[in-house]
Amino acid sequence: YDIERFVEECDFDIKNTSVRLVQTAAWRGRTFPLDKRRFRIELQNGQFFQQGFDKEKNPVYYFRNMCRGPWRGDEDAAIAAILYRFDKSLTEFCRSNPYTRATLIILVGRPKDGNKGKRTGEEEVTAGRNEDNVKEEDKGPSSTKPREAVPPDDADTRISPIKSTENNPRISSDETWKCHSSKDMMDKLFAILRTHYPSRLSKALVVKGRGKNSFYHTNLEGKMKLKQIVDKQLIRDKFRFLSTTSELTKYVPLEELATIVGGN
(Lines give C-alpha, C1' and ligand atoms only; values in the text may rest on other atoms or scores of the structure.)
Protein backbone atom coordinates (compact mmCIF):
# COMPACT_ATOMS: atom_id res chain seq x y z
CA TYR A 1 0.00 0.00 0.00
CA ASP A 2 2.93 2.40 0.53
CA ILE A 3 3.61 2.35 -3.21
CA GLU A 4 -0.07 2.94 -4.00
CA ARG A 5 -0.13 6.01 -1.74
CA PHE A 6 2.89 7.52 -3.45
CA VAL A 7 1.51 6.76 -6.92
CA GLU A 8 -1.72 8.55 -5.98
CA GLU A 9 0.17 11.54 -4.54
CA CYS A 10 2.29 11.81 -7.71
CA ASP A 11 -0.78 11.76 -10.00
CA PHE A 12 0.22 8.32 -11.34
CA ASP A 13 3.57 9.57 -12.64
CA ILE A 14 5.72 6.45 -12.21
CA LYS A 15 9.06 8.25 -12.61
CA ASN A 16 8.17 10.86 -10.01
CA THR A 17 6.81 8.12 -7.74
CA SER A 18 10.14 6.27 -7.88
CA VAL A 19 12.03 9.41 -6.93
CA ARG A 20 9.68 10.15 -4.04
CA LEU A 21 9.96 6.61 -2.70
CA VAL A 22 13.75 6.79 -2.68
CA GLN A 23 13.68 10.23 -1.04
CA THR A 24 11.34 9.03 1.71
CA ALA A 25 13.39 5.89 2.34
CA ALA A 26 16.50 8.06 2.70
CA TRP A 27 14.65 10.51 4.98
CA ARG A 28 13.45 7.73 7.25
CA GLY A 29 16.95 6.33 7.45
CA ARG A 30 18.28 9.73 8.55
CA THR A 31 15.42 10.52 10.91
CA PHE A 32 14.55 7.34 12.78
CA PRO A 33 15.00 6.19 15.45
CA LEU A 34 14.57 9.52 17.21
CA ASP A 35 16.47 10.32 20.39
CA LYS A 36 13.86 11.36 22.98
CA ARG A 37 16.48 13.25 24.96
CA ARG A 38 16.37 15.95 22.29
CA PHE A 39 12.68 16.71 22.80
CA ARG A 40 11.69 15.44 26.22
CA ILE A 41 10.24 18.82 27.18
CA GLU A 42 8.05 18.86 24.07
CA LEU A 43 6.81 15.34 24.83
CA GLN A 44 5.72 16.46 28.28
CA ASN A 45 3.68 19.49 27.24
CA GLY A 46 1.03 17.41 25.44
CA GLN A 47 1.08 19.45 22.25
CA PHE A 48 0.37 16.40 20.07
CA PHE A 49 -1.40 13.15 20.96
CA GLN A 50 -3.80 10.50 19.68
CA GLN A 51 -7.14 9.72 21.29
CA GLY A 52 -10.31 8.10 20.03
CA PHE A 53 -11.79 7.58 16.57
CA ASP A 54 -14.01 9.64 14.29
CA LYS A 55 -17.35 8.56 12.84
CA GLU A 56 -15.53 6.83 9.97
CA LYS A 57 -13.38 4.86 12.44
CA ASN A 58 -10.25 6.84 11.62
CA PRO A 59 -7.88 7.46 14.55
CA VAL A 60 -8.01 11.07 15.77
CA TYR A 61 -4.85 13.07 16.45
CA TYR A 62 -4.75 16.39 18.27
CA PHE A 63 -2.33 19.26 17.70
CA ARG A 64 -2.42 22.19 20.11
CA ASN A 65 -1.04 25.52 18.99
CA MET A 66 -1.29 26.87 22.55
CA CYS A 67 0.07 25.14 25.65
CA ARG A 68 0.62 26.23 29.22
CA GLY A 69 3.86 27.99 30.04
CA PRO A 70 6.49 29.62 27.82
CA TRP A 71 7.73 27.93 24.66
CA ARG A 72 11.50 27.55 24.43
CA GLY A 73 11.28 28.13 20.68
CA ASP A 74 13.05 24.99 19.51
CA GLU A 75 11.18 24.26 16.27
CA ASP A 76 13.22 21.15 15.43
CA ALA A 77 12.53 19.64 18.86
CA ALA A 78 8.80 20.35 18.56
CA ILE A 79 8.63 18.74 15.11
CA ALA A 80 10.66 15.74 16.30
CA ALA A 81 8.25 15.19 19.23
CA ILE A 82 5.27 15.27 16.87
CA LEU A 83 6.90 12.87 14.42
CA TYR A 84 7.85 10.54 17.26
CA ARG A 85 4.27 10.25 18.48
CA PHE A 86 2.65 10.20 15.05
CA ASP A 87 4.94 7.65 13.42
CA LYS A 88 4.90 5.35 16.45
CA SER A 89 1.10 5.40 16.68
CA LEU A 90 0.53 5.14 12.92
CA THR A 91 2.84 2.14 12.71
CA GLU A 92 0.75 0.36 15.35
CA PHE A 93 -2.51 1.10 13.52
CA CYS A 94 -1.08 -0.01 10.18
CA ARG A 95 -0.19 -3.43 11.55
CA SER A 96 -3.89 -4.27 11.63
CA ASN A 97 -4.98 -1.96 8.79
CA PRO A 98 -2.39 -0.86 6.21
CA TYR A 99 -4.96 1.56 4.75
CA THR A 100 -5.23 3.60 7.95
CA ARG A 101 -5.93 7.29 7.47
CA ALA A 102 -5.85 9.87 10.21
CA THR A 103 -8.18 12.66 11.24
CA LEU A 104 -6.27 15.65 12.58
CA ILE A 105 -7.83 18.15 14.99
CA ILE A 106 -5.83 21.39 15.10
CA LEU A 107 -6.58 23.63 18.07
CA VAL A 108 -5.25 27.13 17.46
CA GLY A 109 -6.77 28.65 20.60
CA ARG A 110 -7.07 27.72 24.27
CA PRO A 111 -8.90 24.43 24.97
CA LYS A 112 -12.08 24.21 27.00
CA ASP A 113 -11.72 24.61 30.75
CA GLY A 114 -12.40 21.42 32.65
CA ASN A 115 -15.92 21.14 34.03
CA LYS A 116 -16.54 20.30 37.66
CA GLY A 117 -15.75 16.65 38.25
CA LYS A 118 -13.67 16.43 35.09
CA ARG A 119 -9.97 16.67 34.65
CA THR A 120 -8.58 19.89 33.23
CA GLY A 121 -6.98 20.12 29.83
CA GLU A 122 -3.46 19.60 31.16
CA GLU A 123 -4.51 16.52 33.13
CA GLU A 124 -6.59 15.08 30.30
CA VAL A 125 -3.94 14.86 27.59
CA THR A 126 -4.19 11.11 27.77
CA ALA A 127 -1.48 9.96 25.42
CA GLY A 128 0.22 13.29 24.96
CA ARG A 129 1.84 13.85 28.33
CA ASN A 130 2.36 10.37 29.78
CA GLU A 131 2.44 7.92 26.89
CA ASP A 132 6.14 7.30 27.18
CA ASN A 133 5.96 6.63 30.92
CA VAL A 134 3.45 3.76 30.93
CA LYS A 135 4.19 0.07 30.56
CA GLU A 136 4.08 -1.45 27.10
CA GLU A 137 1.24 -3.81 28.03
CA ASP A 138 -0.90 -0.84 29.03
CA LYS A 139 -0.49 0.88 25.70
CA GLY A 140 -2.25 0.30 22.39
CA PRO A 141 -3.62 2.24 19.44
CA SER A 142 -7.15 2.35 20.86
CA SER A 143 -6.30 2.74 24.55
CA THR A 144 -8.01 5.68 26.26
CA LYS A 145 -7.50 4.62 29.87
CA PRO A 146 -6.34 7.31 32.30
CA ARG A 147 -2.60 7.64 32.58
CA GLU A 148 -0.61 7.92 35.75
CA ALA A 149 0.95 11.17 36.87
CA VAL A 150 4.14 12.37 35.18
CA PRO A 151 7.18 10.99 37.01
CA PRO A 152 9.93 13.25 38.32
CA ASP A 153 12.32 14.73 35.78
CA ASP A 154 15.08 12.30 36.77
CA ALA A 155 12.87 9.18 36.59
CA ASP A 156 14.69 8.09 33.43
CA THR A 157 18.26 7.56 34.51
CA ARG A 158 19.49 7.97 30.95
CA ILE A 159 18.42 11.60 30.96
CA SER A 160 19.90 14.14 33.32
CA PRO A 161 17.42 16.22 35.37
CA ILE A 162 16.20 19.39 33.66
CA LYS A 163 17.68 22.28 35.58
CA SER A 164 15.88 25.17 33.94
CA THR A 165 12.74 26.06 35.86
CA GLU A 166 11.47 27.93 32.82
CA ASN A 167 11.44 24.73 30.76
CA ASN A 168 10.41 22.31 33.52
CA PRO A 169 8.02 19.79 31.92
CA ARG A 170 5.97 19.49 35.12
CA ILE A 171 3.90 22.47 34.07
CA SER A 172 1.68 24.11 36.66
CA SER A 173 -1.98 24.67 35.86
CA ASP A 174 -1.38 28.25 36.99
CA GLU A 175 0.79 28.90 33.94
CA THR A 176 -0.75 31.09 31.24
CA TRP A 177 -1.50 29.83 27.75
CA LYS A 178 1.27 30.62 25.26
CA CYS A 179 1.73 29.96 21.55
CA HIS A 180 4.04 26.94 21.10
CA SER A 181 4.56 27.11 17.35
CA SER A 182 5.48 29.46 14.53
CA LYS A 183 4.71 29.84 10.85
CA ASP A 184 8.13 28.44 9.92
CA MET A 185 7.55 25.43 12.13
CA MET A 186 4.14 24.75 10.60
CA ASP A 187 5.54 25.12 7.08
CA LYS A 188 8.25 22.54 7.86
CA LEU A 189 5.84 20.16 9.55
CA PHE A 190 3.26 20.22 6.75
CA ALA A 191 6.02 19.73 4.17
CA ILE A 192 7.29 16.64 6.00
CA LEU A 193 3.84 15.13 6.45
CA ARG A 194 2.83 15.73 2.87
CA THR A 195 6.12 14.50 1.40
CA HIS A 196 6.68 11.41 3.52
CA TYR A 197 3.15 10.43 4.65
CA PRO A 198 1.10 10.93 1.46
CA SER A 199 -2.59 10.01 1.43
CA ARG A 200 -2.62 9.35 5.17
CA LEU A 201 -4.87 12.33 5.94
CA SER A 202 -8.59 11.67 6.08
CA LYS A 203 -9.50 15.21 7.14
CA ALA A 204 -8.15 18.09 9.18
CA LEU A 205 -10.48 19.98 11.52
CA VAL A 206 -9.08 23.41 12.43
CA VAL A 207 -10.75 24.97 15.50
CA LYS A 208 -10.17 28.62 16.28
CA GLY A 209 -11.18 28.19 19.93
CA ARG A 210 -10.56 30.75 22.67
CA GLY A 211 -7.96 33.50 22.92
CA LYS A 212 -5.60 35.02 20.39
CA ASN A 213 -3.51 32.90 18.08
CA SER A 214 -0.68 33.78 15.73
CA PHE A 215 -2.22 32.45 12.55
CA TYR A 216 -5.70 33.78 11.84
CA HIS A 217 -8.62 35.62 13.42
CA THR A 218 -11.50 34.50 11.19
CA ASN A 219 -12.20 31.25 9.39
CA LEU A 220 -12.01 33.01 6.03
CA GLU A 221 -8.56 34.31 6.88
CA GLY A 222 -7.59 30.77 7.91
CA LYS A 223 -8.62 29.38 4.52
CA MET A 224 -6.59 32.07 2.76
CA LYS A 225 -3.49 31.30 4.82
CA LEU A 226 -3.90 27.58 4.16
CA LYS A 227 -3.15 28.25 0.51
CA GLN A 228 0.25 29.59 1.53
CA ILE A 229 1.10 26.34 3.32
CA VAL A 230 -0.65 23.69 1.20
CA ASP A 231 -0.48 24.19 -2.55
CA LYS A 232 -2.44 21.11 -3.62
CA GLN A 233 -6.19 21.63 -3.89
CA LEU A 234 -6.94 17.96 -3.18
CA ILE A 235 -5.33 18.30 0.25
CA ARG A 236 -6.88 21.70 0.98
CA ASP A 237 -10.32 20.16 0.34
CA LYS A 238 -9.75 17.92 3.37
CA PHE A 239 -9.55 20.91 5.73
CA ARG A 240 -12.56 22.20 7.66
CA PHE A 241 -12.42 25.44 9.65
CA LEU A 242 -14.60 25.42 12.75
CA SER A 243 -15.41 28.31 15.07
CA THR A 244 -15.95 26.29 18.24
CA THR A 245 -15.05 22.86 19.58
CA SER A 246 -18.75 21.96 19.80
CA GLU A 247 -18.77 21.66 15.99
CA LEU A 248 -16.38 18.71 16.23
CA THR A 249 -19.29 16.42 17.07
CA LYS A 250 -20.30 16.54 13.39
CA TYR A 251 -17.21 14.45 12.70
CA VAL A 252 -16.24 12.76 15.97
CA PRO A 253 -18.67 11.12 18.47
CA LEU A 254 -18.84 13.00 21.77
CA GLU A 255 -17.66 9.98 23.73
CA GLU A 256 -14.55 9.75 21.55
CA LEU A 257 -13.52 13.40 21.96
CA ALA A 258 -10.87 14.44 24.46
CA THR A 259 -12.06 16.40 27.49
CA ILE A 260 -10.08 19.47 26.37
CA VAL A 261 -12.53 19.85 23.48
CA GLY A 262 -15.67 19.05 25.44
CA GLY A 263 -15.68 15.26 25.28
CA ASN A 264 -17.12 13.06 28.00
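Source: prediction; values computed, not measured.

Caption draft 1: Up close: the nonpolar core. Core analysis: the biggest nonpolar cluster contains 35 residues, and Phe39, Tyr61, Phe63, Ile106 and Phe239 have the highest contact counts within it. Elements with a contribution of two residues or more to this core: strand E1 (48-53), strand E2 (59-64), helix H4 (75-96), strand E4 (102-107), helix H7 (183-196), strand E6 (201-207) and strand E7 (239-242). Leu205, Val207, Leu248 and Val252 belong to the second largest nonpolar core, which has 14 residues in total.

Caption draft 2: Local environment of empty space enclosed by the protein. Tallying each qualifying case throughout the model produces two cavities of 30 Å³ or more. Taken as a whole, the largest cavity spans an internal volume of roughly 50 Å³. Those elements that place two or more of their residues in the lining of the largest cavity are helix H3 (40-44) and H4. For the lining of the largest cavity, the element with the highest residue contribution is H4, accounting for four residues. For the lining of the largest cavity, a count of residues per class yields five nonpolar, four polar and two charged.

Caption draft 3: Just the sheet that holds E7, in detail. Judged by pairing direction, the sheet is mixed, and its five strands sit side by side in the order E1-E2-E4-E6-E7 without closing on themselves. With partners counted over all chains shown, the strands left at the sheet margins are E1 and E7, one partner each. Put simply, the sheet's adjacent strands are angled 25° from each other on average, direction ignored. The pairing of E1 with E2 spans four bridges and is antiparallel. If you follow Gln50 over to E2, its bridge partner there is Tyr61.

Caption draft 4: Summary view of the layout of surface pockets. By volume, the largest pocket amounts to about 580 Å³. Together, 31 residues line the largest pocket, and Phe190, Leu193, Arg194, Leu201 and Ile235 are the ones closest to its centre. Secondary-structure elements contributing two or more residues to the lining of the largest pocket are helix H1 (2-9), E2, H4, E4, H7 and helix H9 (233-236). Partitioned by chemical class, the residues of the lining of the largest pocket number 21 nonpolar, two polar and eight charged.

Caption draft 5: View of the pattern of salt bridges. Per the counting criterion, the structure on display carries twelve salt bridges. The salt bridge partner of Arg28 is Asp87, with a shortest N-O separation of 2.9 Å. Taken together, the residues span a long stretch of sequence, with Arg28 in helix H2 (residues 14-31) and Asp87 in helix H4 at a distance of 59 residues. A salt bridge links Glu56 to Lys203; its shortest N-O distance comes to 3.2 Å. Taken together, the residues Glu56 in the loop between E1 and E2 and Lys203 in strand E6 connect sequence positions 147 residues apart. One salt-bridge network, held together by shared partners, links Asp2, Arg5 and Arg200.

Caption draft 6: Broad picture of the packing of H4 against H7. Packing of H4 against H7 brings their axes to within 10 Å, and their N-to-C directions diverge by 35°. With respect to the hand of their crossing, H4 and H7 are arranged in right-handed fashion. Contacts between H4 and H7 pair Glu75, Asp76, Ala78, Ile79, Ile82, Leu83 and Phe86 from the former with Asp184, Met185, Lys188, Leu189, Ile192 and Leu193 from the latter. Among the residues forming the contact of H4 with H7, the class breakdown is nine nonpolar, no polar and four charged.

Caption draft 7: Up close: the environment of Thr17. Inspection of the secondary structure puts Thr17 in helix H2. Separated by eleven residues in sequence, Thr17 and Phe6 have C-alpha atoms that sit 5.8 Å apart. Discounting residues that sit within four places of it in the chain, Thr17 has contacts with Ile3, Phe6, Val7 and Cys10. One polar contact links the side chain of Thr17 to the main-chain carbonyl oxygen of Asp13, over a distance of 2.7 Å.

Caption draft 8: Spatial organisation of the packing of H2 against H7. As a packed pair, H2 and H7 sit with axes 10 Å apart at the nearest point and diverge in direction by 120°. When the interaxial angle is binned, H2 and H7 end up oblique. Contacts from Arg20, Gln23, Thr24 and Trp27 in H2 reach Ile192, Arg194, Thr195 and His196 in H7. The residue inventory of the contact of H2 with H7, partitioned by class, reads two nonpolar, four polar and two charged.

About the thresholds
- For every chain, the first residue of the written sequence is number 1, and numbering continues from 1 along that sequence.
- At least 70 in pLDDT is required for a residue's local features to be given in this predicted model, at least 80 for side-chain atom pairs to be given and counted, and no such filter applies to totals for whole chains, interfaces and linings, which use all residues.
- Calculated side-chain values reflect all of the structure's heavy atoms, with hydrogen atoms and water omitted.
- Nonpolar cores were defined as sets of buried Ala, Val, Leu, Ile, Met, Phe, Trp, Tyr and Cys residues, with membership established by side-chain atoms within 4.5 Å.
- Classification of residues uses two cut-offs on accessible area relative to the type maximum, computed with a 1.4 Å probe and protein chains only: under 20% is buried, over 50% is exposed, and between them is partly exposed.
- Only DSSP runs of H or I with at least four residues qualify as helices, and only runs of E with at least two residues qualify as strands; both kinds are numbered from the N terminus onward.
- Of the two site types, the cavity is a set of points on a 1 Å grid over the protein atoms alone where a 1.4 Å probe fits but cannot get out, and the pocket is an open set with protein on both sides within 12 Å along at least five of seven lines, each lined by residues with an atom within 4 Å of a point.
- Grid points are joined across faces, edges and corners, and a volume is the space filled by probe spheres set on the points.
- Gly falls in the polar group here, along with every residue not listed as nonpolar (Ala, Val, Leu, Ile, Met, Phe, Trp, Tyr, Cys, Pro) or charged (Asp, Glu, Lys, Arg).
- At least two bridges found by DSSP between two strands are what make those strands a pair.
- Axis definition: a line fitted to C-alpha atoms, limited for helices to the stretch in contact. Angles are taken between N-to-C directions and run from 0 to 180 degrees.
- Here a salt bridge means any side-chain nitrogen of Lys or Arg lying within 4 Å of a carboxyl oxygen belonging to Asp or Glu.
- For a crossing to be left-handed, the near helix must be turned anticlockwise from the far one by less than a right angle; the clockwise case is right-handed.
- Note on contacts: a residue pair qualifies if any of its non-hydrogen atoms lie within 4.5 Å across the two residues.
- Polar contacts, as counted here, are pairs of nitrogen or oxygen atoms within 3.5 Å of one another; within protein the pair requires one atom able to donate a hydrogen and one able to accept it, and residues that are adjacent in sequence qualify only if both atoms are side-chain atoms.
- Between 65 and 115 degrees an angle is taken as roughly perpendicular, under 35 as roughly parallel, over 145 as roughly antiparallel, and anywhere else as oblique.

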